[in-house]
Amino acid sequence: CIAEHHKPKSQHTYLKNKFLSAGFRMFNNPAESSKKSTTGTVGGEVVALKTNFSSSQVDSLPLKRIVALTNSPMRFAGCKLRLSHTSVLLTSNYNKFDDQQSEANSTSIRQLQLCKEALGLPCIALGDWNLTPAQLQEMDAFEMLNMECVVPPGKSSTQHTTSERVIDYILASPNIRHIIT
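Given the structure is predicted, the values throughout are model-derived calculations rather than measurements.

Draft legend 1. Seen up close, the overall build of the chain. Across its full length, the chain carries five helices and 11 strands. For 181 residues, the compact-globule formula gives about 16 Å, and the C-alpha radius of gyration of the chain, at 16 Å, lands near that figure. On the principal axes, the C-alpha backbone points of the chain span a range of 40 × 40 × 35 Å. The 181 residues of the chain split such that 46% are buried. Nonlocal contacts in the chain, meaning residues at least 24 apart in sequence, comprise 66% of its contacts between residues at least 6 apart. Counting every atom, the chain has about 9700 Å² of accessible surface; 52% of that belongs to carbon and sulfur. Distance between charge centres in the chain, computed from 19 positive and 15 negative side chains, equals 12 Å.

Draft legend 2. Just helix H2 (residues 60-70), in detail. The complete set of buried residues in H2 reads Pro62, Ile66 and Thr70. Along the long axis of H2, the arc covered by the buried residues comes to 60°, so they all point the same way. Turned more than 90 degrees off the buried face of H2, the exposed positions are Lys64, Arg65 and Ala68. Against helix H3 (103-119) lie the buried residues of H2.

Analysis parameters
- Residues numbered from 1 in each chain as written.
- Predicted model: local features only at pLDDT ≥ 70, side-chain atom pairs only at ≥ 80, totals over all residues.
- Heavy atoms only, no water.
- Helix = DSSP H or I, 4+ residues; strand = E, 2+ residues; numbered from the N terminus.
- Rg over C-alpha atoms; globule rule 2.2 N^0.38 Å.
- Buried < 20%, exposed > 50% of the residue type's maximum accessible area, 1.4 Å probe, protein only.
- Contact = heavy atoms within 4.5 Å.
- Areas by Shrake-Rupley, 256 points an atom, 1.4 Å probe, with all protein chains shown as cover.
- Lys, Arg positive; Asp, Glu negative; His and termini not counted.
- Charge placed at Lys NZ, Arg CZ, Asp CG, Glu CD.
- Arc of directions from axis to C-beta.

Here's what the structure looks like:
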């Protein structure tokens, strides 16, 4: 399960217990307060995997360094997932704005790049990018991340007025792209 949940840090235990009762282990990044949002928060990403999957937290030291380097709270949730022959970084991503010039969006891409480099793992990044693949390409994100875009077969958008936009998709490292169908 990859989701944006809008739950602040104060609801971490509630979320953890909710997922655990359904047989999932949760890797959470709490939502940030926002006066611009109708929910009062923005973001809040989670990766939740069945407890029988071989998964582990991303070490906190690299994450703390990334927060310090970018001077920004983390913009994604992630975990290390062991597959049959390799481990991967699996992330749930959310860009705050549908503006490719947004500093917050550039920061989220930079944080993902730094995390990939720190861990030295291939990556599968899923999420609500709030940008089309073409807009993300214009930011040079695919090259910066060394990842390829995998677009779902149908249109996807949470914005009812722009339902023809594809903004929910996957980025994958080239060496593991073949496992995504």
